[in-house]
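Each chain, written out:
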Amino acid sequence: MKKIMVTGGAGFIGSAFVRWELAQHPDLHIVTFDKLTYAGNLDNLKDVDPARHTFIQGDIADREAVLAAAEGCDAIVNFAAESHVDRSILGADEFLETNVRGVYNLAESAKTLGTARLLLVSTDEVYGSIESGSFSETDRLNPRNPYSAAKAGGDMIGLSYFSTFGLPVLVTRGSNTYGPYQYPEKVLPLFVTNAVDDEPLPLYQGGEHNVRDWLYVDDHARGIDCVLRLGTPGEIYNLAGGNERENITLTRRILELTGKDESLIKLVPDRPGHDRRYSIDATKAHALGWKPEMDWNEGVAQTVRWYQDNEWWWRKIKSGEFRAYYARQYGTVK
Ligand code: NAD
Ligand code: DAU
């Protein structure tokens, strides 16, 4: 591959993927195509070499813009999405537009251009919650919130283009991802940055013991790279972190690392339809040669340190659009 298009590459995981690809593949050129929604941020790409990277602001639901940007690319890797569950509960229009229609548009565009690979970055949330054991790629989908339902819709429309038209579509389904440059609406950066400011950590009451499987962002980027290059078209690959933790465990680790005490924990009303546990089996991706490498304790420590050292990155976010969202989502958390 000489040139690939990364949609949603100005977001959290997409920007880590761009950095990873450019570092690993010296002859590669990347076209990042991103709408720059509230979650898109060119600061995330500040260190990439402009000689090997082109940025285009655009919407994946805009056919003409996608066709123009994807022309001549050997692959499209899609990270573009509305990605936050709580926002999808407040209103899901944009989730349907981007996560379903946008993916349909990418598939149509790839079909028109004859793009060699279309990789759709998806999520373990499409399987829903599981009490014991882990979901494999052939398990039935059971998304339980508007975000994950829209992601499942995108997966299905994409895979239908493989069955119907032979379009070389691949799907990855990753676990909860953590690391630098994550928009501070997600639990880990929200709790770290609130703790730094001695603000309450709004832990969902009743969800303290809910379990998420944590995957370090560079491990996730490596997994997507592996599937892009070695995966079989038409197939789905789970990318698990192998680090299942209760939310209260993560919260306590953040407090420990920031030197704050448990009085900062504030139990707030639970997320409606809060999935209790996510767990996926990544045997199929392991067979391609991928395995996550980051130790959870070390990864969380490094991540907390990054937010402590990079207030320039998150303070301007938290003083912008974020404030209105926070007030709407949490009311006055005292
Ligand atoms: P993010 O919210 O940080 O970034 C999303 C990016 O997509 C932003 O840069 C945004 O500007 C862009 N975007 C949104 N709508 C667009 C549109 N219509 N056209 C073009 N660009 C658009 O998200 P993230 O956490 O980096 O997640 C990336 C992908 O990985 C998503 O598809 C998400 O479903 C999936 N995923 C995320 C996680 C996680 O824990 N964060 C885990 C598994 C899978
Ligand atoms: O599992 C993969 C998914 O992980 C991705 O597909 C999503 O894009 C990503 O946002 C993430 O979804 P979650 O809903 O699991 O992540 P979030 O950070 O929103 O919440 C993680 C857990 O923390 C969840 O059990 C809810 C809880 N939580 C979250 C927030 C924001 C709280 O207790 N309080 C909070 O304020």
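Check the entry above for the structure.
Not measured: the values here are computed from a predicted model.

Asker: Now, about the overall build of the protein chain: what can you tell me, with residues and values included?
Answerer: Regarding its fold elements, the protein chain presents 12 helices and 12 strands. Whereas a compact globule of 334 residues would reach a radius of gyration of roughly 20 Å, the protein chain reaches 19 Å, a difference of no more than 12%. If you line up the protein chain on its principal axes, its C-alpha atoms span 55 × 45 × 35 Å. Looking at the 334 residues of the protein chain, the share that counts as buried comes to 57%. Across the protein chain, every contact between residues at least 6 apart in sequence was considered, and the portion connecting residues at least 24 apart equals 83%. Total accessible area computed for the protein chain in this model is approximately 13200 Å², and 49% of it derives from carbon and sulfur atoms. Measuring between centres, the 36 positive side-chain charges of the protein chain sit 1 Å from its 47 negative side-chain charges.

Asker: So what about the site of ligand 2? Which residues, and what values?
Answerer: The environment of ligand 2 is made up of 24 residues, and the closest members are D124, Y147, N176, R271 and Y330. T123 has a polar side-chain atom sitting 2.7 Å from an oxygen atom of ligand 2. Between P202 and ligand 2, the recorded distance is 2.8 Å, taken from a backbone N or O atom to a nitrogen atom. For ligand 2, whose free accessible area comes to 690 Å², the fraction covered by protein is 95%. Of the residues assigned to the shell around ligand 2, the class counts are 10 nonpolar, 7 polar and 7 charged.

Asker: How would you summarise the environment of E94 if you had to cite specific residues and measurements?
Answerer: As for its placement among the helices and strands, E94 is situated in helix α4 (residues 93–113). Measuring from C-alpha to C-alpha, the distance between E94 and H220 comes to 25 Å, with 126 residues separating the pair along the chain.

Asker: Which residues make up the site of ligand 1, and what values go with them?
Answerer: The immediate surroundings of ligand 1 are formed by 30 residues, with I13, D34, S83, Y147 and K151 found nearest. In the model, an oxygen atom of ligand 1 is placed 3.0 Å from a nitrogen or oxygen of the F12 main chain. With respect to ligand 1, the side chain of S83 contributes an N or O atom lying 2.6 Å from an oxygen atom. Summarising the interface, the protein chains cover 97% of the accessible area of ligand 1, which totals 830 Å² for the free molecule.

Asker: Help me get a handle on the sheet that holds strand β9 (residues 211–216), residues and values and all.
Answerer: Strand order in the open sheet made by the 3 strands is β7-β9-β11, with mixed pairing throughout. On the outer flanks of this sheet lie β7 (176–178) and β11 (244–246), each paired with one strand and no other. Each adjacent strand pair in this sheet contributes to an overall mean axis angle of 50 degrees, direction not counted. Summarising the sheet, β9 and β11 pair through 3 bridges and their orientation is antiparallel. Considered in β11, the bridge of V211 is made with E246. Those strands touched by helix α8 (residues 247–258) are β9 and β11, and its axis lies near 80 degrees from that of β11.

Criteria and thresholds
Residues numbered from 1 in each chain as written. Chains lettered and ligands numbered in written order. Predicted model: local features only at pLDDT ≥ 70, side-chain atom pairs only at ≥ 80, totals over all residues. Heavy atoms only, no water. Helix = DSSP H or I, 4+ residues; strand = E, 2+ residues; numbered from the N terminus. Rg over C-alpha atoms; globule rule 2.2 N^0.38 Å. Buried < 20%, exposed > 50% of the residue type's maximum accessible area, 1.4 Å probe, protein only. Contact = heavy atoms within 4.5 Å. Areas by Shrake-Rupley, 256 points an atom, 1.4 Å probe, with all protein chains shown as cover. Lys, Arg positive; Asp, Glu negative; His and termini not counted. Charge placed at Lys NZ, Arg CZ, Asp CG, Glu CD. Near = heavy atom within 4 Å. Polar contact = N/O pair within 3.5 Å; in protein donor to acceptor, adjacent residues only side chain to side chain. Nonpolar A, V, L, I, M, F, W, Y, C, P; charged D, E, K, R; others polar. Pairing = 2+ DSSP bridges. Axes fitted to C-alpha atoms, helices over the stretch in contact; angles between N-to-C directions.

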